[in-house]
Amino acid sequence: MNPTDVQPAIPLRIRPYSRTSHIVAWLTPGNGRLVTLMKGSCRARSSFLGQYDLGYTCELVYYRRERFGLHLARECAAVKARPGFRCFWKSAVWLSYASFLLDRLAVESHCQPELFRLAESAMDHASARPANINLALWFELHAISAAGFRPRLDSCCACGSDSLQPDGRLLFSPRNGGIICAECARRPQDDSMPLSAATFSVLRSWLRLDSPQEHAADGPSPRQIYEASALIKRFMDYHLDMPPENRYACIQLLGSGPISSPPGWGEPS
Ligand SMILES: [Zn+2]
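Q: Describe the pairing of strand E1 (residues 4-16), listing the residues and the values that go with them.
A: Here E1 runs beside strand E4 (residues 57-63); their pairing, made up of 6 bridges, is antiparallel. In the sheet register, Pro 8 faces E4, and the bridge partner there is Glu 59. Pairing of E1 with strand E2 (residues 22-28) involves 6 bridges; the strand directions are antiparallel. Directly across from Ile 14, in E2, lies its bridge partner Val 24. Once E1 ends, the chain turns through 5 residues before running back antiparallel as E2.

Put into structure tokens, the structure is as follows:
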């Protein structure tokens, strides 16, 4: 018999394996991304019934199978079901995209406690009230940061200067992973995009806020939200190579505002 392990686990992706079983990808703090076969989970008397779904936190007991990367679940118990995701449709939209993003960012056999804590706190927040665009963008920034792709916003990527003069002309370079100061912005920069001082300030304040409870107090304008969204999209396109459709649907549905579809609003390319 293979050794067993126990992990708190968040389901990220659930797909059928046969008429009676599922394969589930999980985010765990101790093992990063983990994939298990839930054998017989669709049978009428299965002990797995009702114990896992998107938005849940579960306690997962599984047999480790190192050779093929597909572990075998032995027991699963829902610890938090977060029923708010079945009430607030905007939160359900966000959850679908957040689960997809976490599935891309989680790495197999890596400790990722920060990503796990972030997912739990953001899901707690979104299940207690309808999600909004601020939460979606705040979560993206912190999720990519927890996975090692934190955008550099405290000093210039080209010269290292931390004298950024936010009242001057700033650029953001997805390739270099951060901000280009006003002095360096005088020289031609390949892939950079202009960044207003106001949006720069919003992004820095979002990165400083560790709790999703606090982000709502910022109140960025629709224009700043559009600019921040376009910047995050370009950054993730370059570093994560994600298909754009999931993000586009989430941002469009959560981002209702006076400007319906300005340029750079994360359209699929
Ligand atoms: Zn510089």
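Q: Run through unusual backbone geometry, naming residues and quoting values.
A: With a phi close to 60°, Ser 109 is a non-glycine residue in the positive phi region. For Ser 109, a relative accessible area of 62% puts it in the exposed group. Of note, the phi angle at Asp 241 is positive, near 50°, even though the residue is not glycine. Positionally, Asp 241 belongs in the loop between helix H5 (222-240) and helix H6 (245-254). Under the relative-accessibility criterion, Asp 241 is labelled exposed at 61%.

Q: Got a sec to walk through the nonpolar core? Specific residues and values, please.
A: In summary, soluble globular proteins display a tendency toward joint burial of nonpolar side chains. By size, the foremost hydrophobic cluster in this structure holds 64 residues, and its most contacted members are Leu 27, Trp 94, Phe 139, Leu 203 and Trp 206. Those residues in contact with Leu 203 that sit more than four places away from it in its chain are Leu 141, Leu 153, Leu 195, Ala 228, Leu 231 and Ile 232. By size, the runner-up hydrophobic cluster in this structure holds 13 residues, among which are Ala 9, Val 24, Trp 26 and Leu 60.

Q: Can you explain the packing of helix H3 (residues 133-146) against H6? Please cite residues and give values.
A: Running from N to C, H3 and H6 point in directions that differ by 145°, and their axes come no closer than 8 Å. Across from Ile 133, Ala 136, Leu 137 and Glu 140 in H3, the residues of H6 making contact are Arg 247, Ile 251 and Leu 254. Partitioning the contact of H3 with H6 into residue classes produces 5 nonpolar, no polar and 2 charged.

Q: Quick rundown of the confidence of the model for the protein? Include the residues and the values.
A: Confidence along the protein averages 88 in pLDDT terms, with 90% of residues attaining 70 or more. Within the protein, no element has a lower average pLDDT than strand E8 (residues 193-195), which sits at 89, and none a higher one than E2, at 98. Contacts from residues 258-269, a stretch scored under 50 in pLDDT, to residues over four places away or in other chains number 28 contacts.

Q: Could you give me a rundown of the pairing of E2, with the residues and numbers involved?
A: The buried fraction of E2 is high, at 6 of 7 residues. Here E2 pairs with strand E3 (residues 32-38) via 7 bridges, running antiparallel. Counterpart to Ala 25 in the pairing with E3 is Val 35. Taking the residues that link successive antiparallel strands as the turn, the E2-E3 hairpin has 3 residues.

Q: I'd like to hear about the coordination of the zinc ion, residue by residue, with values.
A: At the metal site, the zinc ion is ligated by Cys 156 (SG), Cys 159 (SG), Cys 181 (SG) and Cys 184 (SG), and these contacts range over 2.3 to 2.4 Å. The coordination sphere of the zinc ion comprises 4 donor atoms, whose angles at the metal cover 104 to 114°; the geometry is tetrahedral. When the donor residues of the zinc ion are listed from N- to C-terminus, their spacing reads C-x2-C-x21-C-x2-C. Here Cys 159 is found in the loop between H3 and strand E6 (170-173), whereas its partner Cys 184 is found in the loop between strand E7 (178-180) and E8, with 25 residues between them in sequence. Given a relative accessible area of 46%, Cys 159 falls into the partly exposed group. Here Cys 184 falls in the buried class, since its relative accessible area comes to 2%.

Conventions we followed
- Residues numbered from 1 in each chain as written.
- Predicted model: local features only at pLDDT ≥ 70, side-chain atom pairs only at ≥ 80, totals over all residues.
- Heavy atoms only, no water.
- Pairing = 2+ DSSP bridges.
- Helix = DSSP H or I, 4+ residues; strand = E, 2+ residues; numbered from the N terminus.
- Buried < 20%, exposed > 50% of the residue type's maximum accessible area, 1.4 Å probe, protein only.
- Core = buried A, V, L, I, M, F, W, Y, C linked by side-chain atoms within 4.5 Å.
- Contact = heavy atoms within 4.5 Å.
- Axes fitted to C-alpha atoms, helices over the stretch in contact; angles between N-to-C directions.
- Nonpolar A, V, L, I, M, F, W, Y, C, P; charged D, E, K, R; others polar.
- pLDDT = per-residue confidence, 0-100.
- Donors = N, O, S within 2.8 Å, 3.2 Å for Na, K, Ca; no water.
- Tetrahedral: all angles 85-135°; square planar, octahedral: opposite > 155°, others 65-115°.

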